[in-house]
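One-letter residues, chain by chain:
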Amino acid sequence: MYRSPKQVTGSAARVASLRKQSSHKFSHGHALVLSGPAGQTGAARLAARGALRIGAGVVTVASPKSAMLENALHLTAIMVKDTDGPQALKRLLEDERINTLCLGPALGLDTRAAKLVAVALEANRKTVLDADALTLLSQDAGLFAKLHAGCVLTPHAGEFKRLFPDIAAKLDTPASTGPAYCKVDATREAAKRTGCTVLFKGPDTMIASPNGQASVNASLYARSAPWLATAGSGDVLAGFITGLLARGFTPHNAAETGAYLHTECALSFGAGLIAEDIPEELPKVFKALGL
């Protein structure tokens, strides 16, 4: 099923419909973002800021001890919890109010990071997997097997090729007969294989779910947003999707709405955009959408 940008705009309105006068912060969800070690913390903070701005009621950065001070010095409304390894993460996840996880932005590719991803997936919470988490999945069939229906994968082309080399090969093969195998087909096949939602990034971002539902967020022509080609932009997108999942969106709706709003923020801000600007542009975008 293809959904036009106009239809996706309607899904953005669900952000407002989820807020009720009698609600409180925990009824808007508690998102947990895993941080990398000292010197590799900025990506997690970008994702956390995105989740908070888009409406998650509470956001926590799970930080190794080595990075606690680094993270705390940069965060105010976002909480920081000492999470120095898999056992600490298990204890933190005993809090059932934490309903959504974000794994990957600068998390690292070492054994510690792989164990954290394993614990997070075993918790069976709604989960966004980006960046380093995707590379870890591509290297470890055991981790890959832990994916579940509450997950959203957000690969760019290189990460998609590492995760699904055979699917990427079909996509890269020139068509000699029709119909040609296209990016929508590839994303649908990846979603069916993993059993979760896949957002395949690019100017033509494709979102697909295991049931065959597919959406396209085209940042082309009038919606061209070349300023999104900046370091940290994808981390913010992961945060947007995480925040929407925390608010109660389905994985597919969170992915398509997050992608749409990501582009709208870039269009609203214009040239000179850096990743830190994207979450701060959301209030203006929401106002323009009548939210």
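Residues numbered from 1 in each chain as written. Predicted model: local features only at pLDDT ≥ 70, side-chain atom pairs only at ≥ 80, totals over all residues. Heavy atoms only, no water.

### Section: the overall build of the protein chain
Here comes step 1: For the protein chain, the count of helices and strands is 14 helices and nine strands.
Here comes step 2: For 291 residues, the compact-globule formula gives about 19 Å, and the C-alpha radius of gyration of the protein chain, at 18 Å, lands near that figure.
Here comes step 3: Taking the principal axes of its C-alpha atoms as reference, the protein chain extends roughly 55 × 45 × 35 Å.
Here comes step 4: A separation threshold of at least 6 residues defines the contact pool for the protein chain, and within that pool the share at least 24 residues apart is 67%.
Here comes step 5: Here the protein chain has roughly 12,300 Å² of accessible surface; of this, 55% comes from carbon and sulfur atoms. (Helix = DSSP H or I, 4+ residues; strand = E, 2+ residues; numbered from the N terminus. Rg over C-alpha atoms; globule rule 2.2 N^0.38 Å. Contact = heavy atoms within 4.5 Å. Areas by Shrake-Rupley, 256 points an atom, 1.4 Å probe, with all protein chains shown as cover.)

### Here's the deal with the sheet that holds strand β5 (residues 126–129)
Across a sheet, paired strands are connected by hydrogen bonds in the backbone, their directions being either parallel or antiparallel.
Here comes step 1: Across the sheet, nine strands lie side by side as β3-β2-β1-β4-β5-β6-β7-β8-β9; this open sheet has mixed pairing. Two strands bound the open sheet, and with one partner strand each, they are β3 (79–82) and β9 (214–218). Here the strands of the sheet are splayed against their neighbours by 20° on average, with no regard to which way each runs.
Here comes step 2: Packing of helix α7 (residues 132–139) onto the sheet brings it into contact with β4 (98–103), β5 and β6 (151–153), and relative to β5 it is tilted by some 90°.
Here comes step 3: Lying on the sheet, helix α12 (residues 233–247) is in contact with β1 (30–34), β4, β5, β6 and β7 (197–200); it crosses β4 at an angle near 165°. (Pairing = 2+ DSSP bridges. Axes fitted to C-alpha atoms, helices over the stretch in contact; angles between N-to-C directions.)

### A word on the state of the cysteines
Any covalent bond linking the sulfur atoms of two cysteines counts as a disulfide.
Here comes step 1: Tallied over the entire structure, the rule returns zero disulfides.
Here comes step 2: Free of any disulfide, Cys-151 has its nearest neighbouring cysteine sulfur in Cys-196, separated by 5.3 Å.
Here comes step 3: By relative accessible area, Cys-151 is classed as buried at 0%.
Here comes step 4: Free of any disulfide, Cys-265 has its nearest neighbouring cysteine sulfur in Cys-102, separated by 17 Å.
Here comes step 5: By relative accessible area, Cys-265 is classed as buried at 0%. (Disulfide = S-S within 2.5 Å. Buried < 20%, exposed > 50% of the residue type's maximum accessible area, 1.4 Å probe, protein only.)

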